[in-house]
Amino acid sequence: MSIELARDEVQADAWTAVCKYTELEPGRGVAALVDGEAVAVFRLGDGSLYAVGNTDPFCGASVISRGITGMRGDGTATVASPMYKDVFDLATGVALEAPDVRLPVFAVRRHRGMVWVAPDVTSDYAQDAELLMEPTLVA
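The notes below deal with the structure included here. (Residues numbered from 1 in each chain as written. Predicted model: local features only at pLDDT ≥ 70, side-chain atom pairs only at ≥ 80, totals over all residues. Heavy atoms only, no water.)

Moving on: the sheet that holds strand S2 (residues 28-34). Ordered by their spatial adjacency, 6 strands build an open sheet running S1-S9-S8-S4-S3-S2, and the pairing between neighbours is antiparallel. Each edge of the open sheet carries a strand with a single partner, namely strand S1 (16-20) and S2. The mean inter-strand angle of the sheet, taken between neighbouring strand axes irrespective of direction, is 30 degrees. Pairing of strand S8 (residues 105-111) with strand S9 (residues 114-120) involves 5 bridges; the strand directions are antiparallel. Paired with Val108 across the strands is Val117, a residue of S9. (Pairing = 2+ DSSP bridges. Helix = DSSP H or I, 4+ residues; strand = E, 2+ residues; numbered from the N terminus. Axes fitted to C-alpha atoms, helices over the stretch in contact; angles between N-to-C directions.)

Rendered as structure tokens:
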């Protein structure tokens, strides 16, 4: 699933600043509260950013931000929950071993040195969000 919208379609007030890009360690996640939703934000080794729901759907604990990131042989960026080690696709939120289970996926971008997150793009807010699926190298 990929959502592509022109930047002028994204409402400026839909974005929430989470942290400085340089404060995100590659391969590690941080937890944030975005519009009342618990979000896990990740910066991978290639500089790409991902944001998914922070609540593990298998146990209900808010732990996804502490998960272990990885890359499948086919290039799929993943995070493994620290609870039961369930692995989720960071781009789609889908649990790889249980495709009917998924994490919400949030729009994420890097702008002026900050990491910004917008509403869940898998919800009705999709038209107000932009999902960046490749390294975000804009300063």
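Here Thr69 is to be found in strand S5 (residues 68-71). At a separation of 3.1 Å, a polar atom in the side chain of Thr69 contacts the main-chain carbonyl oxygen of Gly27. Discounting chain neighbours no more than four positions away, the residues touching Thr69 are Gly27, Phe42, Leu44, Thr78 and Val79. (Polar contact = N/O pair within 3.5 Å; in protein donor to acceptor, adjacent residues only side chain to side chain. Contact = heavy atoms within 4.5 Å.)

Bringing the pairing of S5 into the picture now. Pairing of S5 with strand S6 (residues 77-80), which is carried by 4 bridges, proceeds in the antiparallel orientation. Looking at the pairing, Gly70 lines up with Thr78 of S6. Hairpin connection between S5 and S6: a loop of 5 residues separates the two successive antiparallel strands, and Gly75 in this loop has a positive phi of roughly 90 degrees.

In this section: the pairing of S2. Taken together, the 7 bridges between S2 and strand S3 (residues 37-43) define a ladder with antiparallel strand orientation. The residue bridging Gly29 from the neighbouring strand is Phe42, located in S3. What sits between S2 and S3 in their antiparallel hairpin is a turn of 2 residues, with Asp35 showing a positive phi close to 50 degrees.

Even without glycine at this site, Asp35 takes up a positive phi of about 50 degrees. Mapped onto the elements of the fold, Asp35 is located in the loop between S2 and S3. With a phi angle near 55 degrees, Arg112 is a residue other than glycine that sits in the positive phi range. Mapped onto the elements, Arg112 comes out in the loop between S8 and S9.

Turning next to the sheet that holds S5. The sheet built from 3 strands is open, its strands ordered S5-S6-S7 with antiparallel pairing. Of all the strands in the sheet, just S5 and strand S7 (87-89) have a single pairing partner and so form its edges. Mean inter-strand twist for the sheet, computed between neighbouring axes without regard to direction, equals 30 degrees.

Moving on to the environment of Val63. Among the structural elements, Val63 can be located in the loop between strand S4 (49-53) and S5. Placed 23 residues apart in sequence, Val63 and Ala40 show a C-alpha to C-alpha distance of 8.4 Å. For Val63, the contacting residues outside a window of four places in its chain are Asn54, Asp56, Ser81, Pro82 and Met83.

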